[in-house]
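Now for the letters of each chain:
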Amino acid sequence: MEDVILTGPTLQSAMDALDKEFRVHRMWEAEDKDAFLAEHKATRFMAATYHGRIDGAVMDKLPALEVISNFGVGVDGIDLQAARARNIRVTNTPEVLNDAVAELALGLMLATCRRIADADAYVRAGKWPGGNYPLTGELTGTTVGILGLGRIGKEIARRCQAFKMQVVYHGRTRQRFEPFPYYADLVEMARDVDWLVAVVPGDTGTAGLVSREVLEALGPEGAFVNLGRGTLADEPAMLELLKSGKLGAAGLDVFAEEPKMSEEFWTLPNVVLSPHQGSATTKTRWAMGDLFVRNLTAHRDGNPLITPVV
Ligand code: A2R
C-alpha cells in the first residue's frame, strides 16, 4: 500500500476512502511537523485540506512528492509556482460544487434584499403584532455584475436570469461565446449595477480587487456579495462604507481571516453573514471528497489526473 500525507481533518467519507486506498499519515496530529516530514520523506502523495499553506519549504522536505490533491476548487493554500518548479502535480475539485455555490449566491442575494434573517428575528421577537415589517427591495428587474464569470459564475448568471435580472460581467478577458455584456473596467461595472457578486479565486492577482473605489461606485443602492475569497475585498473599507450607508448592503460567505472578522459586522442590519458555506452541502462535499481521493488513485494507478491544476 502507498503512503499519503493528509494535512488536516476532512470529511469522514473522504477519510474512509483514503484509509481504504492508502496508508494515511495525519500531519495535523504531529507535534513536531519537521520530524513528521522527515519521517515521511519518501511519500509520493499528499492530500491537502485547508489547514496551513503548502509552500516550497514543505515541498523541499518531501523530495519524492509527485502529486498534491486539494480538497476544494480554490488552490490558494498551495504555492503553485513552487509545485511547478519541482514537477509536483496539483489537483482540485472543480465543477462538482458549482450548483451548491451558485445556490448560496442566490440565497445570500435573496436574504440580503428581502431581509429574510432580520424578518425572521422580527417575528421571533414577537414584534409582528406591533406593526408590519418594513418594505424591502426585490431582485426582479435589477442588474447583477458578476466578477468572475467562470464555472461557478456562469451558474450564478443562469439563476439570476431565472429571477428576471440583467447579467453583466467583469474578468481579465472578454468571453467571446457568452451573451452577457462585458466590462473591461470593474469600477465602471460597479457604477452600473445593483449587485456585485464576486466569485474569483484568491490567488490570481485578486487581492484587494474589490477596492474602496469599487465599493463606492456600487454605492448606497448597491449590494456586494462575496463567495470567492475574503482577501479579494478591502474588508475595512467595506465595513466603513456599510456603516455609513455609502454601500447599501452585503451578503458575505468569505472573510479575510476566517473564522475571524470584525464584530462590527454582527451589528449591521444591512449585512447577511455566512460561515464559508458555499460548497458545504452533504451531497456536494461527498462529491468533492470522492474527486479528491480519485485524483490520487488515478495517479497511483498510472492513469491521467482527473482534474489537474498544474
Ligand atoms: O479573468 P478571466 O477571464 O480568466 O476569468 C476568471 C476570473 N478571474 C479574474 N477576474 C478578474 N481579475 C482577476 N485577477 C481574475 N482572476 C480570475 O475568475 C474566471 O472567469 C473566474 C474563475 O473561474 P474558474 O477558474 O472557472 O473558477 P470557479 O470554479 O468558478 O471557482 C472560482 C472561485 C474558487 O477559486 C474559489 O475561490 C471560490 O470560487 O469557490
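All of the points below concern the structure found in this document. (Residues numbered from 1 in each chain as written. Predicted model: local features only at pLDDT ≥ 70, side-chain atom pairs only at ≥ 80, totals over all residues. Heavy atoms only, no water.)

1. Digging into helix α5 (residues 98-113)
In plain terms, the rule: Every helix listed is a DSSP run of H or I at least four residues long, and every strand listed is a run of E at least two residues long, numbered separately from the N terminus. Here, expected helix span is obtained from the residue count minus one, scaled by 1.5 Å. Remark: exposure states derive from per-residue accessible area (1.4 Å probe, protein chains only) relative to the maximum for the residue type, with buried under 20%, exposed over 50%, and partly exposed in between.
Here α5 contains 16 residues, and its C-alpha end-to-end distance of 23 Å stays within 8% of the 22 Å for a straight helix at 1.5 Å per residue. Three or more residues of α5 are buried, namely N98, A100, V101, A102, A105, L106, L108, M109, A111, T112 and C113.

2. Focus: helix α11 (residues 282-300)
Because an α-helix packs 3.6 residues into every turn, residues spaced three or four apart end up facing the same way. Selection rule: Contacts between residues were defined by any pair of non-hydrogen atoms, one from each residue, lying within 4.5 Å.
Between its first and last C-alpha atoms α11 spans 27 Å; for 19 residues at 1.5 Å apiece the expected length is 27 Å, and the two agree. Along α11, the residues that are buried comprise T284, A287, M288, G289, L291, F292, V293, N295, L296, T297 and A298. Looking at the packing, one finds that the buried side of α11 touches β1 (3-6), α1 (12-21), β3 (45-48), β4 (67-70), β5 (89-91) and α5. Among the residues trailing α11, G302 stands out with phi positive, at a value near 80 degrees.

3. As for the packing of α5 against helix α7 (residues 151-162)
When two helices pack together, their arrangement is given by the angle between the helix axes and the distance between those axes. Worth spelling out the cut-off: Axis definition: a line fit to C-alpha positions, over the contact stretch in the case of helices; interaxial angles, taken between N-to-C directions, run 0 to 180 degrees. Angle categories: roughly parallel below 35 degrees, roughly antiparallel above 145, roughly perpendicular from 65 to 115, and oblique for all the rest. Working rule for handedness: look at the near helix, and if it is turned counterclockwise from the far one by less than a right angle, call the crossing left-handed; if clockwise, right-handed. Under the grouping applied here, Gly and all other residues not named as nonpolar or charged are polar, the nonpolar ones being Ala, Val, Leu, Ile, Met, Phe, Trp, Tyr, Cys and Pro and the charged ones Asp, Glu, Lys and Arg.
In contact at an axis separation of 8 Å, α5 and α7 are set at 50 degrees when each is read in the N-to-C sense. Relative to α7, the element α5 lies oblique. Crossing geometry of α5 relative to α7 is assigned as right-handed. Residues N98, D99, V101, A102, E103, A105, L106 and M109 of α5 lie in contact with α7, whose contacting residues are R151, I152, E155, I156, R159 and C160. Among the residues making up the contact of α5 with α7, the classes are represented as eight nonpolar, one polar and five charged.

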